[in-house]
Structure formats: C-alpha cells, structure tokens
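# Geometric and topological summary
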Amino acid sequence: MSQKDQYAVIGNPVEHSKSPWIHAKFAEQTGEAIEYGRILGPLDGFTREVERFIAAGGRGMNVTVPFKLEAHALADSLSPRAAAAGAVNTLSFGPDGVRGDNTDGVGLVRDIEANLGVSLKGARILLLGAGGAARGVVLPVFDRAPAALTIVNRTAAKALQLVDQFASNAAESGVRFAGGGAESAAAERYDVVINATAGSLDAALPDCDDRAFGAGTLAYDMMYGAQPTVFMQHAAKLGARAADGLGMLVEQAAESFFIWRGVRPDGGAVLRELRRTLAAHV
Ligand code: ATR
C-alpha cells in the first residue's frame, strides 16, 4: 500500500475528467503527499463504490455527473453551502463519518474575481438557468455583496422556486433578488451574465434579451470546450467579454484540496498551464 493519502474523482463518464491532472499539479505545487485517481461509478452502484474506496483507506472524493445528488444523500453531515445547493461535489472521510461539501459556487466566484479580475461587489448579475448548477452558486454570489441578482429560466416556475428558497438570504445580504421567465430580466446591460443552463451541451442558446450584453459585461459560461460555446460567441458579438468555465473547474478543485489538506493551492497558475496544455492538443 502506498504511503500517500488516497483521493479520487467519481463520475460516469469519468474518463475525460481533468481533476486527476489538476490535483497532481496542486500536490506538486504544495508538496502534499497525495495520490488522486479516477473511478467510473456504475449508475446503480455509487454508494457501493464509495464504501469500497473508504474501506481501502481513501480520504476524500470529488463527485461529478451524475452522482452529486446521491452524494448529498449519502453524507452523514453537510456544510451549509452543500445543504443549500442540495448537491455535493466534495466528500471527506474521517472519524466522524462522511462529510459532504460543495465547492462549485465558490469556484465560480473565485474564477470571476481572482482570475478574471471582475469584482462582484455592487455588480448587477443575471443568472441564466435554475437547475442544480444555478442553485449552487446563489449563496456564494450573495457573499460577494452584489447589488442585484436576477435568475431567468426557460421554466419560470423553477426560477421562482429559487427566489423563494433564498429570499431571506438575499434580504440579509442586502441584495435585490428576483427571477422568473425571460421577461424578468431588465432590458438593459448587466455587469455579469452567467450561463448555468445545460444548453451549451447541445449548442443551444438560452433565451436572453440581447440588451443584457454590451461593453463592460462579463459573459461567463459554466461549460467549456475546445471552442467557445454558442453563448460565448453570441455575447462576444454583442460586445461583451466572454469566459468559459475552465477556471471554475480549477478553482472548485482548489477549494476541495484546501478542505482536505488545509493548504490553498494557486489555482491561477494551474489554470494557465491547463489552457496551454489544451491548446497544444487541439
Ligand atoms: P444542472 O445540474 O446542470 O443545472 P439541471 O438541474 O437538469 O442540470 O438543470 C438544467 C438547466 O438548464 C435548467 O435550468 C434548464 O431549464 P428548464 O428548467 O427549463 O428545463 C436549462 N436548460 C437545459 N437546456 C436548455 C436549453 N436548450 N435552453 C434553455 N435552458 C436550458
């Protein structure tokens, strides 16, 4: 048995996950003695696979599609942000059992603020989508004290549900908070527009007033790919600065690493190296 502490990402599919590469870079950078692998979770056997990993001495796991809800159900205790998100992407195994956390929202916020240099303080933000990905970012965004957050979703009722769920948090943070269908967005430019819909997977552009985008808008797609997404291309045509979600991937990993090891890696440096590596392989 190796001396190094064992971690892994579990998903299905998981073959193309960049998490092992990212965590190996973090380990190298910080001198932490960890090994990080990948596990293909059977669709009907997530819990069994996690238990097997724990029994073999595993210390923690990242959880990706489609197991984030199952990980939430499996955890013995949850961080407040994982409870609010209703989903878990980080599991830690210790004497007190399985602890579930969610680092996706913090990863997004850190990428926008630290890597892209856009402060959310006082910003007017439009969030497209009201599924699991959108739900996970609401509280971390409130923590940055924006002026306003509007959630727009194809199915208006789901956006309204999120507004209901987080209304008291918005009031506490002093954030103007609203949502619904496409008509809920103001017909004017936003500082930040975040695409949290699954639309980019099938090259679909979520419904959104063109006036939301302009010079001075950061249009952020949580997805990433070899080419800019349709959302990014559309936003760029309207004069916005467009960014993909690769930095969010690196920063959510950095936060997981911090939870497990108590050491914060430099996500920006690893992101730059990852972009260079991907560009070289296109
Ligand atoms: P995730 O965990 O990735 O958020 P999800 O919970 O299934 O996945 O949510 C998917 C989100 O993408 C929803 O907001 C969905 O809109 P609906 O609630 O109306 O279904 C949105 N979505 C998916 N495909 C879309 C498309 N082609 N155009 C606009 N929105 C889309």
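Residues numbered from 1 in each chain as written. Predicted model: local features only at pLDDT ≥ 70, side-chain atom pairs only at ≥ 80, totals over all residues. Heavy atoms only, no water.

Here we come to the site of the ligand. The ligand sits among 13 residues. The nearest are Ala133, Asn153, Arg154, Thr155 and Lys158. One of the backbone N or O atoms of glycine 132 is found 3.0 Å from an oxygen atom in the ligand. A distance of 2.9 Å separates an oxygen atom of the ligand from a polar backbone atom of alanine 198. Its free accessible area being 650 Å², the ligand has 69% of it covered by the protein chains. Classifying every residue of the shell around the ligand by side-chain character gives four nonpolar, seven polar and two charged. (Near = heavy atom within 4 Å. Polar contact = N/O pair within 3.5 Å; in protein donor to acceptor, adjacent residues only side chain to side chain. Areas by Shrake-Rupley, 256 points an atom, 1.4 Å probe, with all protein chains shown as cover. Nonpolar A, V, L, I, M, F, W, Y, C, P; charged D, E, K, R; others polar.)

Pairing in this open sheet of six strands is parallel, and the strands run β9-β8-β7-β10-β11-β12 from one edge to the other. With partners counted over all chains shown, the strands left at the sheet margins are β9 (176–180) and β12 (241–243), one partner each. Averaged over neighbouring strand pairs, the angle between their axes works out to 15° when direction is ignored. Pairing of strand β10 (residues 192–195) with strand β11 (residues 218–221), which is carried by four bridges, proceeds in the parallel orientation. Bridging from a neighbouring strand, isoleucine 194 pairs with tyrosine 220 of β11. Relative to β11, helix α5 (residues 104–115) is tilted by about 145°, and along the sheet it contacts β10 and β11. (Pairing = 2+ DSSP bridges. Helix = DSSP H or I, 4+ residues; strand = E, 2+ residues; numbered from the N terminus. Axes fitted to C-alpha atoms, helices over the stretch in contact; angles between N-to-C directions. Contact = heavy atoms within 4.5 Å.)

For strand β7 (residues 124–128), a buried count of five out of five residues is recorded, marking the element as mostly surrounded by other parts of the structure. Residues of β7 alternate between two faces, with Arg124, Leu126 and Leu128 on one and Ile125 and Leu127 on the opposite face, all of them buried. Where β7 and strand β8 (residues 148–152) come together, five bridges link them in parallel fashion. By the bridge assignment for β8, isoleucine 125 is matched with leucine 149. Pairing between β7 and β10: four bridges, direction parallel. By the bridge assignment, isoleucine 125 is partnered in β10 with valine 192. (Buried < 20%, exposed > 50% of the residue type's maximum accessible area, 1.4 Å probe, protein only.)

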